[in-house]
Amino acid sequence: MSSKKKSLEIETLRGLACLLLVLYHVIGPLGGGLKIDIGSPFRVIADSMVYVRMPLFTFISGYIYSIYKIRGNDFSAFFSGKVRRLIVPLFCVGVPFSVLQAVGPGVNKDVGVIDALLSFWVPINHFWFLQAVFIIFMFVGLLEWRGMLRSMTRLYWLFAFAAGVFLLPPFKFDAFGINGAIYLLPFFVAGMIGQENVEALKQRFKVIGPLVFVLISLTLLYVAAIDRELIVDRRSLIGLTVGCVSCIALLSSDMRSKWLTWLGGYSYAIFLFHVLFAATSRFVLGRLGVKDESLLVLGGLTFGLLGPVVLSMIFSRFNVTSVLFLGERAAKKKLAASIAPVPANS
């Protein structure tokens, strides 16, 4: 199977992951976002997808990593690429956003300016994912570079290790997102395993995969509607099982959507900037006197998805903004890369 076809079959899931993530941050955790309270259908939706949102994002990262791995076995190039892609936006987008949140009126989340300035080290807001996935890339990349992941058996052993660590109590001090890395690692490895077995999965589970995911979603919706406290800690055996099974079921379904595929092409910009646009929507609609929950959620979702797309189109036109705010290669290099395409997560 060509890399192009592999890329296309995962882009729909990228778009779906963006949709779930933005919807959650628009609704917000309890007391955040739109401050939608218990009893609202939107609160039920937000709570029910806790086992799926970030596992799906990470599963996709592992899937795409498995396609390209470390090209030419050049770990230094791999390292510098991940620094550019993840750490540069962490400093140039994550830290300023946290500072703005700390000092901005009406958006303070009890985060001090000093804590915001140190947010590149101590996880704050959704940027913890950048820290966590960087650790994962370095860990898995080193194993790959040293030739320790050259068989499916070793991948399964890595998954067993990741699952075991996942179930341990988290560290009390979450330096550079280490707890997030431990939480996400099993789903990253599951994505690698899924990519290696994608054809077999689609042949065996193409029909049952969507049914399994629908059943899981309906069960979680029911549980969240009955009592949100029944949604236990995401670092639990239930969280691990539901997350992995949901991701594999979605991959097996071979679901395709042109709209979600298009959206998936801007997934990184959406991840980085969706909260800013969702908050802007909330402010603007509030000033206009809109109070209907459905309209507020729809507005936030639309702004949160499309705003970052427009911003990405603007930033991608200039070398400096492309590198600093999107972690992309400079424009001249991207032009040359159009002749020989590079992986989307490089």
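Scoring rules and cut-offs
Residues numbered from 1 in each chain as written. Predicted model: local features only at pLDDT ≥ 70, side-chain atom pairs only at ≥ 80, totals over all residues. Heavy atoms only, no water. UniProt positions renumbered as here; feature names shortened; annotations may be inferred. Helix = DSSP H or I, 4+ residues; strand = E, 2+ residues; numbered from the N terminus. Expected span 1.5 Å × (residues − 1). Buried < 20%, exposed > 50% of the residue type's maximum accessible area, 1.4 Å probe, protein only. Arc of directions from axis to C-beta. Axes fitted to C-alpha atoms, helices over the stretch in contact; angles between N-to-C directions. Parallel < 35°, antiparallel > 145°, perpendicular 65-115°, else oblique. Left-handed = near helix turned anticlockwise from the far one by under 90°. Contact = heavy atoms within 4.5 Å. Nonpolar A, V, L, I, M, F, W, Y, C, P; charged D, E, K, R; others polar. 1 Å grid on protein atoms, 1.4 Å probe; cavity = no way out; pocket = protein on both sides within 12 Å on 5 of 7 lines; lining within 4 Å. Points joined across faces, edges and corners; volume = space filled by probe spheres on them. Salt bridge = Lys/Arg side-chain N within 4 Å of Asp/Glu carboxyl O. Phe/Tyr/Trp six-rings, centres within 6.5 Å; stacked < 30°, edge-to-face > 60°. Lys NZ or Arg CZ within 6 Å of the ring centre and 35° of its normal.

As recorded by an unreviewed UniProt entry, the protein chain carries the name Acyltransferase and is attributed to Pseudomonas serboccidentalis. Within the UniProt record for the protein chain, the comment given under Sequence similarities (unreviewed entry) is "Belongs to the acyltransferase 3 family." Annotation of the protein chain in UniProt includes, under Subcellular location (unreviewed entry), the sentence "Cell membrane".

Draft legend 1. Focus on helix α7 (residues 152–166). Taking 1.5 Å per residue, 15 residues should reach 21 Å; α7 reaches 21 Å between its end C-alpha atoms and fits that length. Considered for burial, the residues of α7 that qualify are Leu155, Leu158, Ala162, Ala163 and Phe166. Along α7, the residues classed as buried sweep out an arc of 135° about the axis, all on the same side.

Draft legend 2. Structural context of the packing of helix α3 (residues 53–68) against helix α8 (residues 178–196). Their axes nearest at 7 Å, the elements α3 and α8 cross at an angle of 45°. Taken together, the axes of α3 and α8 are oblique relative to one another. Crossing of α3 over α8 shows right-handed handedness. Of the residues in α8, those in contact with Met54, Pro55, Thr58, Phe59, Ser61, Gly62, Tyr63, Tyr65, Ser66 and Ile67 of α3 are Tyr183, Leu184, Phe187, Phe188, Ala190, Gly191, Met192, Gly194, Gln195 and Glu196. Classifying every residue of the contact of α3 with α8 by side-chain character gives 12 nonpolar, seven polar and one charged.

Draft legend 3. Representation of empty space enclosed by the protein within the structure. Per the counting criterion, the structure on display carries one cavity of 30 Å³ or more. The space that makes up the largest cavity amounts to roughly 50 Å³. Considering the residues around the largest cavity, the lining is formed by Val26, Leu34, Ala278, Ser281, Arg282, Leu285, Leu296 and Gly300. It is helix α13 (residues 267–287) that contributes the most residues to the lining of the largest cavity, four residues altogether. Its residues assigned to classes, the lining of the largest cavity shows five nonpolar, two polar and one charged.

Draft legend 4. Region of interest: the environment of tyrosine 222. For tyrosine 222, the location among the structural elements is in helix α10 (residues 208–226). Expressed as a C-alpha distance, the spacing of tyrosine 222 and valine 44, which sit 178 residues apart in the sequence, is 8.5 Å.

Draft legend 5. Unusual backbone geometry, seen in detail. Backbone geometry places lysine 35, a non-glycine residue, at a positive phi of 55°. Within the fold, lysine 35 resides in the loop between α1 (3–27) and α2 (41–48). On the accessibility criterion, lysine 35 (60% relative accessible area) is exposed.

Draft legend 6. Local environment of the pattern of salt bridges. A complete count under the given rule lists seven salt bridges for this structure. Between aspartate 47 and arginine 43 there is a salt bridge, and its shortest N-O distance comes to 3.5 Å. Note that aspartate 47 and arginine 43 are positioned in helix α2 at a spacing of four residues, about one turn of the helix. The pair aspartate 47 / arginine 43 is uniform in exposure class, with both members buried. What you see here is one network of salt bridges that share partners, running through Glu199, Lys202, Asp254 and Arg256.

Draft legend 7. The packing of aromatic side chains, seen in detail. Tallying each qualifying case throughout the model produces 22 aromatic pairs. Measuring from ring centre to ring centre gives 6.3 Å for tryptophan 128 and phenylalanine 129, while their planes differ by 80°; the resulting arrangement is edge-to-face. In terms of burial, tryptophan 128 and phenylalanine 129 fall into one category: buried. Plain terms: the ring middles of phenylalanine 315 and phenylalanine 325 are 5.0 Å apart, the flat faces sit at 40° to each other, and that makes the pair tilted. Of this pair, phenylalanine 315 sits in helix α14 (residues 293–315) while phenylalanine 325 sits in helix α15 (residues 319–326), and the two are 10 residues apart along the sequence. Three or more aromatic residues joined by ring pairs make a cluster, and in this case those are Phe57, Trp128, Phe129, Phe166, Tyr183, Phe187 and Phe271. Above the face of the phenylalanine 137 ring, lysine 82 is positioned so that its terminal group lies 4.1 Å from the ring centre.

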